[in-house]
Amino acid sequence: MKKHLKSVVSLFAICAAVAILLAITNYFTAPIIADYENKKANAALLEVLPDAKSFEKVDINELSEPVTEAYKADNGGYVFKLVTVGYGPDFVIMCGVNPDGTVSKAICLSSNETLEKEKNYGESFAGLDASGVNSVDTIGGATKTTSAYRDAVKAALDSFAKLKGGVK
């Protein structure tokens, strides 16, 4: 019995030491990681709406999925972060909308898609408004991916109209 107790105490001490070391590491690296994520997000905002200088986060309570975040730019445009499902889950798209209601640029931030057609597909939407989005063809072999992309861009344009006071 004494031998088993010694093993349990030793195992507990090792686990406690590892947990404390992980907590300390997290304490020091969490701000660095958060800063990196912030810089990455700001770079994405500027990439999809390069005419803007600053962004202000907008309350998205009145917006529906797949919009997960929205930012109003100082130039009157908006940027929408959209999370949708294509062939795989967690398909993340950032879409910039110019003040005139046209797509500035759409990019794929991350996806679990296998064909990688989504990487350049967002370029097809540049300059289009809500009525022109459906004219963008899906890509054969990646129909689920590109359909989800197109629907997400359309949701961004619909959200833009809602935020500007229009009814969609």
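Everything discussed here concerns the structure shown above.
Conventions adopted
- Residues numbered from 1 in each chain as written.
- Predicted model: local features only at pLDDT ≥ 70, side-chain atom pairs only at ≥ 80, totals over all residues.
- Heavy atoms only, no water.
- Helix = DSSP H or I, 4+ residues; strand = E, 2+ residues; numbered from the N terminus.
- Rg over C-alpha atoms; globule rule 2.2 N^0.38 Å.
- Buried < 20%, exposed > 50% of the residue type's maximum accessible area, 1.4 Å probe, protein only.
- Contact = heavy atoms within 4.5 Å.
- Lys, Arg positive; Asp, Glu negative; His and termini not counted.
- Charge placed at Lys NZ, Arg CZ, Asp CG, Glu CD.
- Core = buried A, V, L, I, M, F, W, Y, C linked by side-chain atoms within 4.5 Å.
- 1 Å grid on protein atoms, 1.4 Å probe; cavity = no way out; pocket = protein on both sides within 12 Å on 5 of 7 lines; lining within 4 Å.
- Points joined across faces, edges and corners; volume = space filled by probe spheres on them.
- Nonpolar A, V, L, I, M, F, W, Y, C, P; charged D, E, K, R; others polar.
- Salt bridge = Lys/Arg side-chain N within 4 Å of Asp/Glu carboxyl O.

Looking now at the overall build of the chain. Looking only at helices and strands, one finds 3 helices and 5 strands in the chain. Moving toward the C terminus, one meets the helices and strands of the chain in the order α-β-β-β-β-β-α-α. Taking 15 Å as the expected radius of gyration for a compact globule of 168 residues, we find that the chain reaches 22 Å, considerably beyond that expectation. Judged by the C-alpha coordinates and their principal axes, the chain covers about 75 × 40 × 25 Å. A buried classification covers 36% of the 168 residues belonging to the chain. Restricting the contact set of the chain to residue pairs at least 6 apart, pairs at least 24 apart contribute 44%. Averaged over its 18 positive side-chain charges, the chain has a centre that lies 10 Å from the centre of its 20 negative ones.

The next point concerns the nonpolar core. Core analysis: the largest hydrophobic core is formed by 26 residues, its most contacted members being Phe80, Leu82, Cys95, Phe125, Tyr149 and Val153. Secondary-structure elements contributing two or more residues to this core are strand 2 (67-73), strand 3 (78-84), strand 4 (91-97), strand 5 (103-110) and helix 3 (143-163). The biggest single contributor to this core is helix 3, with 9 residues. Excluding anything up to four places from it in sequence, Val153 contacts Cys95, Val103, Ala106, Phe125 and Val133. Core analysis: the next-biggest nonpolar cluster, separate from the first, contains 10 residues, Ala52, Val79, Met94 and Ile107 among them.

This part takes up the layout of surface pockets. Estimates place the volume of the largest pocket at around 250 Å³. Forming the boundary of the largest pocket are 14 residues, of which Lys40, Ala41, Ala44, Met94 and Leu109 lie nearest the centre. When residues of the lining of the largest pocket are traced back to their parent elements, those giving at least two are helix 1 (2-48), strand 2, strand 4 and strand 5. Tallying contributions element by element places helix 1 first for the lining of the largest pocket, with 6 residues. Partitioned by chemical class, the residues of the lining of the largest pocket number 8 nonpolar, 1 polar and 5 charged.

Tallied over the entire structure, the rule returns 3 salt bridges. Note that Lys39 and Asp35 form a salt bridge whose closest N and O atoms lie 3.4 Å from each other. Within this pair, Lys39 and its partner Asp35 are both found in helix 1, separated by 4 residues, close to a single helical turn. In this structure Lys39 comes out as exposed when scored by relative accessible area, which is 55%.

Coordinates in, geometry out; function isn't part of it.
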